[in-house]
Each structure stands twice: as structure tokens, then as C-alpha cells.
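A look at the structure
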Amino acid sequence: QVQLVESGGGLVQAGGSLRLSCAASGRTFSMAWFRQVRGKEREFVAGISASGGTTYYADSVKGRFTISRDNAKNSVYLQMNSLKSEDTAVYYCAAGGTWRYTPQTRDEYDYWGQGTQVTVSS
């Protein structure tokens, strides 16, 4: 059982930046960030392979968000730049997949954090 703890959410003005962090209690394979707005489905934002060598992004965040990981610290990060009001959501860290496969759908992840709120004011 792996526990994930997110941090770094908050309130920021449009055009600003935030960095989310997620610490895992143990070793993980692929990791990802999802986000959810109340009343909507949880959506994939970004994913990173176990080695950190391959990353994936939703079209809506490409060029603005960067996912990275530090395996020595069992942590994954999401650097969010040029934030827009439509980025407002609860952001969740997830762990799952395999060494060679990085899922991009919610059902393929085994472990989830509690979520951290990101609010972008326009």
C-alpha cells in the first residue's frame, strides 16, 4: 500500500505560477496528476514514466505545465505556469501502471492522494 500526500495548492492570479508536490510513502512506477472540478469527471493532466524519461500531457496544459519526479525522494512535481481560470480544480496525485507503461486514464491508477485545491482568479 502506497500513500500519497500532495502539497502546494493555493490561490493565484491568472498568468501566475504554482508548483505542486506529491510525496509517496514508497517506491512507485508511473505517476500522474489529475484534476477535477465539482460535478465533472476527473481528468488526466500529466503523467511521467517510472524512470522519469517520458512525460505525457493533456492538450489543454501542453507548453504551460511540466511534470517531473525525484525517485530518490519518491516524489513527483507539477510546475504550472501561465495559469488560467479554467485550471481551477482540485488536483490529485496518482501512482500506478508499470515500469514500461504510463496510463492516462483514471481507472488504471491504484493509489491516490487526498487532493489539493488550485484556484486561479481572473
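In case you missed it, the structure is sitting above this.
Being a predicted model, the structure only gives us computed values, none of them experimental.

**Brief notes about unusual backbone geometry**
A positive phi angle, near 50°, is found at Asn-74, a position not held by glycine. Mapped onto the elements of the fold, Asn-74 is located in the loop between strand S7 (65–70) and strand S8 (75–80). Within the chain, Ser-82 stands out as a residue other than glycine whose phi angle is a positive 50°. For Ser-82, the position within the fold is in the loop between S8 and strand S9 (89–96). Residue class for Ser-82 comes out partly exposed when judged on its relative accessible area of 40%.

**A look at the pattern of salt bridges**
It is possible for side chains bearing opposite charge to pair when their charged atoms get close. Counted according to the given criterion, the structure contains four salt bridges. A salt bridge links Arg-35 to Glu-43; its shortest N-O distance comes to 2.6 Å. With a shortest N-O distance of 2.7 Å, Arg-64 and Asp-87 are connected by a salt bridge. Of this pair, Arg-64 sits in the loop between strand S6 (55–57) and S7 while Asp-87 sits in the loop between S8 and S9; the two residues are 23 residues apart in sequence, bridging distant segments of the chain.

**Quick notes on the state of the cysteines**
Per the stated rule, a full pass over the model turns up one disulfide. The residue that forms a disulfide with Cys-22 is Cys-93, at a sulfur-sulfur distance of 2.1 Å. Judged by the torsion about the S-S bond (-80°), the Cys-22/Cys-93 disulfide is left-handed. With Cys-22 in strand S3 (residues 18–24) and Cys-93 in strand S9, the pair connects residues that are 71 residues apart, well separated along the chain. Cys-22 gets classed as buried once you look at its relative accessible area, which sits at 1%. We classify Cys-93 as buried; its relative accessible area is 0%.

Rules and cut-offs
Residues numbered from 1 in each chain as written. Predicted model: local features only at pLDDT ≥ 70, side-chain atom pairs only at ≥ 80, totals over all residues. Heavy atoms only, no water. Helix = DSSP H or I, 4+ residues; strand = E, 2+ residues; numbered from the N terminus. Buried < 20%, exposed > 50% of the residue type's maximum accessible area, 1.4 Å probe, protein only. Salt bridge = Lys/Arg side-chain N within 4 Å of Asp/Glu carboxyl O. Disulfide = S-S within 2.5 Å.

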